[in-house]
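Fold and contact review
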Amino acid sequence: MKLVYGAGRPEHPSSPEEVFFDIVPHHNIDVVGSVLDLPFEDNSFDEVYSHHVLEHLLLNELYEVVRGLYRILKPNGVFSARLPDLYMLCWWLVENGNNPDLNEQKKFIMNQIYHQNDSEYEWHKYGYLGQDLVNILSECGFRDCKFNRGGHEGKNPEFDMIMYHLDVEAIK
């Protein structure tokens, strides 16, 4: 069984092998709730995937969430997450931020860092570096923790070359 948290507004219902979990109700969300209080039994999931959720937590909240994720994963279960890569976003700004020809890309990058809009649930509260996140996962009991950098998800081709995603994976 796979838990997808931060599912947002999925276009399709979850399959029998997955549970969509989000803090905001939507017709395709199976469980509504906060990652700070995971409403699942211990050892419930083989896999947990977090899609752009960790950056919405304060650092002290992250530790609480990671311990909760560890609790709900089965032994040898896999935790994976995608979130903005603060290191690469800042690198891009240092290298390109003063180039007036790249203002649209700069707005995009700044939005990836701060993401301030009408919904408080979507505000970014903390930025993570890959190794720091790996260290936190290890401190909370996970093993074989690793991170990789990735590009855009194909929605805006003009941003495909900006490597701004951080993908992490760890095993219980």
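Everything below is about the structure printed above this text.
A brief look at the structure comes next. Small disclaimer: the values here were computed from a predicted structure and weren't measured.

The rules we used
Residues numbered from 1 in each chain as written. Predicted model: local features only at pLDDT ≥ 70, side-chain atom pairs only at ≥ 80, totals over all residues. Heavy atoms only, no water. Pairing = 2+ DSSP bridges. Helix = DSSP H or I, 4+ residues; strand = E, 2+ residues; numbered from the N terminus. Phe/Tyr/Trp six-rings, centres within 6.5 Å; stacked < 30°, edge-to-face > 60°. Buried < 20%, exposed > 50% of the residue type's maximum accessible area, 1.4 Å probe, protein only. Lys NZ or Arg CZ within 6 Å of the ring centre and 35° of its normal. Contact = heavy atoms within 4.5 Å. Arc of directions from axis to C-beta. Axes fitted to C-alpha atoms, helices over the stretch in contact; angles between N-to-C directions. Parallel < 35°, antiparallel > 145°, perpendicular 65-115°, else oblique. Left-handed = near helix turned anticlockwise from the far one by under 90°. Nonpolar A, V, L, I, M, F, W, Y, C, P; charged D, E, K, R; others polar.

**What about the sheet that holds strand S6 (residues 143–150)?**
The mixed open sheet is built from 7 strands, whose spatial order is S3-S2-S1-S4-S5-S7-S6. Looking along the sheet, the strands with just one partner apiece sit at the ends: strand S3 (31–32) and S6. Bridge analysis of strand S1 (residues 2–5) against strand S2 (residues 18–22) gives 4 bridges, and the strand direction is parallel. The partner of Tyr5 across the bridge, within S2, is Phe21.

**Some words on the packing of aromatic side chains**
Two aromatic rings are characterised by how far apart their centres lie and by the angle between their planes. Tallied over the entire structure, the rule returns 5 aromatic pairs. Summarising the aromatic geometry, the rings of Phe21 and Phe40 are spaced 5.3 Å apart at their centres and angled 75° between planes, so their arrangement reads as edge-to-face. Residue Phe21 is located in strand S2, and its partner Phe40 is located in the loop between S3 and strand S4 (45–51); the two are separated by 19 residues in the primary sequence. Each of the two residues, Phe21 as well as Phe40, counts as buried. In textbook terms, an aromatic cluster arises when at least three aromatic residues are bridged by ring pairs, as seen for Phe21, Phe40 and Phe45. Sitting over the ring of Tyr70, Lys172 keeps its end group 4.9 Å from the ring centre.

**Thoughts on the environment of His26**
Among the structural elements, His26 can be located in the loop between S2 and S3. Residue classification places His26 among the partly exposed positions, given a relative accessible area of 23%. Considered as a pair, His26 and Tyr70 are 44 residues apart in the sequence and their alpha carbons are 26 Å apart. With residues near it in sequence (within four places) discarded, His26 still touches Gly8, Arg9 and Pro10.

**Describing helix H4 (residues 130–139)**
Of all the residues in H4, the buried ones are Gly130, Leu133, Val134, Ile136 and Leu137. Angularly, the buried residues of H4 cover 160° about the axis, an arc narrow enough to put them on a single face. In this fold, the buried residues of H4 make contact with helix H1 (59–72), strand S5 (73–84), S6 and strand S7 (165–171). Taken from the residues just after H4, Gly141 is the one with a positive phi, measuring 105°.

**A few points about the packing of helix H2 (residues 86–96) against helix H3 (residues 103–114)**
Following both chains from N to C, one finds H2 and H3 inclined at 150°, their axes separated by 10 Å at the closest point. By the angle class used here, H2 and H3 are roughly antiparallel. Crossing of H2 over H3 shows left-handed handedness. Between H2, through Leu86, Leu89, Trp92 and Leu93, and H3, the contact on the second element is made entirely by Gln105, Lys106, Ile109, Met110, Gln112 and Ile113. Of the residues assigned to the contact of H2 with H3, the class counts are 7 nonpolar, 2 polar and 1 charged.

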